[in-house]
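Descriptive analysis of the structure
Residue-level listing of the chains:
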Amino acid sequence: PWIPSDSGAYGRVPRTATLLILGAGGGPGGWPTTDRSTSSIRENQERSMSQLTVAVLGTGIMGSAMARNIAGAGHAVRAWNRTISRAQPLADDGIEGAPTATAAVEGADVVITMLFDGAAVAEVMRETAPAMRPGAAWLQMTTVGPDDVAALAAIAESAGVLFYDSPVSGTRQPAESGTLVIMTAGPTSGRELVTPVLDAVGSRTVWTGEDRAAAP
């Protein structure tokens, strides 16, 4: 089942007309590029080859496991949770606790949302997304509905950040072992940036296309 949030709700595969199954870290060739500057694409490529700063918003069972695996892969991780005490144990793994979601995402290369539902994600990201650096990537991994995906993609577009709809297959054990299967849809231009993060939390990434919100 698709269960990427602590609510235990079943999720869904992002809607798309094309399905490509790739090994972790792989990337399809021949995809059309999105309308972004060459310099911005080059900056993300350079960042993907070095240590990334990753913000994890939501540190329940799934979010905390992801944060630990990303930190274990050598990236700098900031974590935020509405209930601050739930993020504090992550300090033992070298993860920085952020007092607010905005503080967590400032300057981050990649932001992960793993919250209760689409409404919770929208509430947090309407306030938080404008603080993200232009060209940063947002991996939206909370279980949400198709209408939510369209609304969240609009938030990302207005903030000038790359949006990836990325529900996962797996529960606590694969999350802790970094063996989730991730269904991801989003622009090709930022895939080199998000691939190290996806590789840290999952054993396989299934790229389903570029358009994360349009109907097939």
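Residues numbered from 1 in each chain as written. Predicted model: local features only at pLDDT ≥ 70, side-chain atom pairs only at ≥ 80, totals over all residues. Heavy atoms only, no water.

Taken as a class, soluble globular proteins show a tendency for nonpolar side chains to be buried jointly. Residues Ile-70, Ile-112, Leu-139 and Met-141 are the most contacted members of the largest nonpolar core, which totals 32 residues. Among the elements of the structure, β2 (53–57), α2 (61–72), β3 (76–80), β5 (110–113), β6 (137–140), β7 (162–165), β9 (180–184) and α7 (191–201) are those that each provide at least two residues to this core. Of all hydrophobic cores here, the second largest spans 28 residues; its members include Ala-98, Ala-101, Ala-104 and Trp-138. (Core = buried A, V, L, I, M, F, W, Y, C linked by side-chain atoms within 4.5 Å. Buried < 20%, exposed > 50% of the residue type's maximum accessible area, 1.4 Å probe, protein only. Helix = DSSP H or I, 4+ residues; strand = E, 2+ residues; numbered from the N terminus.)

The next point concerns the pairing of β9. Burial analysis of β9 places 5 of its 5 residues in the buried class, which makes it a mostly covered element. Of the strand pairs in this sheet, strand β8 (residues 168–169) and β9 are connected by 2 bridges, and their pairing is antiparallel. Within β9, the position partnered with Val-168 by the bridge is Ile-182. Since β9 and strand β10 (residues 202–207) lie parallel, the crossover through α7 that links them has a hand, and here it is right-handed. (Pairing = 2+ DSSP bridges. Right-handed = clockwise from strand over helix to strand, strands pointing away.)

Here the focus is the packing of helix α4 (residues 118–128) against helix α5 (residues 146–159). Remark: α4 packs on α5, axes separated minimally by 10 Å, with the N-to-C direction vectors making an angle of 10 degrees. On the basis of the axis angle, α4 is roughly parallel to α5. Facing Gly-118, Val-121, Ala-122, Met-125 and Arg-126 of α4, the residues of α5 in contact are Asp-148, Leu-152 and Ile-155. For the contact of α4 with α5, the residue count by class is 5 nonpolar, 1 polar and 2 charged. (Axes fitted to C-alpha atoms, helices over the stretch in contact; angles between N-to-C directions. Parallel < 35°, antiparallel > 145°, perpendicular 65-115°, else oblique. Contact = heavy atoms within 4.5 Å. Nonpolar A, V, L, I, M, F, W, Y, C, P; charged D, E, K, R; others polar.)

The share of residues in the protein chain with pLDDT of 70 or more is 75%, and the mean pLDDT across the chain is 83. Per-residue pLDDT stays below 50 along residues 1–37; that stretch engages in 108 contacts with residues further than four places along the chain or on separate chains. (pLDDT = per-residue confidence, 0-100.)

Structurally, Ala-98 can be placed in the loop between β4 (96–97) and α3 (101–105). Accessibility expressed as a relative area gives 11% for Ala-98, which makes it buried. Residues Ala-98 and Leu-57, spaced 41 residues apart in sequence, show a C-alpha to C-alpha distance of 9.5 Å. Ignoring anything within four residues of it in the chain, the contact list for Ala-98 reads Ala-79, Trp-80, Ala-103 and Ala-104.

Between α2 and α7, whose axes approach to 8 Å, the crossing angle comes to 115 degrees. Remark: the crossing between α2 and α7 carries right-handed chirality. Two secondary-structure elements touch here, α2 through Met-66, Asn-69 and Ile-70 and α7 through Val-197, Ala-200 and Val-201. Partitioning the contact of α2 with α7 into residue classes produces 5 nonpolar, 1 polar and no charged. (Left-handed = near helix turned anticlockwise from the far one by under 90°.)

Bringing the packing of aromatic side chains into the picture now. Across all of its chains, the model carries 2 aromatic pairs by this definition. Here the aromatic rings of Trp-138 and Phe-163 are separated by 4.9 Å at their centres, their planes lie at 80 degrees, and the arrangement is edge-to-face. Note that Trp-138 is positioned in strand β6 and Phe-163 in strand β7, a separation of 25 residues in sequence. Exposure class is identical for Trp-138 and Phe-163. Each is buried. Plain terms: the ring middles of Tyr-164 and Trp-207 are 6.0 Å apart, the flat faces sit at 75 degrees to each other, and that makes the pair edge-to-face. Highlighted residues: Tyr-164 in strand β7 and Trp-207 in strand β10, separated in sequence by 43 residues. Note on accessibility: Tyr-164 and Trp-207 belong to one class, buried. Directly above the aromatic system of Trp-207 lies the positively charged group of Arg-191, at a separation of 4.2 Å from the ring centroid. (Phe/Tyr/Trp six-rings, centres within 6.5 Å; stacked < 30°, edge-to-face > 60°. Lys NZ or Arg CZ within 6 Å of the ring centre and 35° of its normal.)

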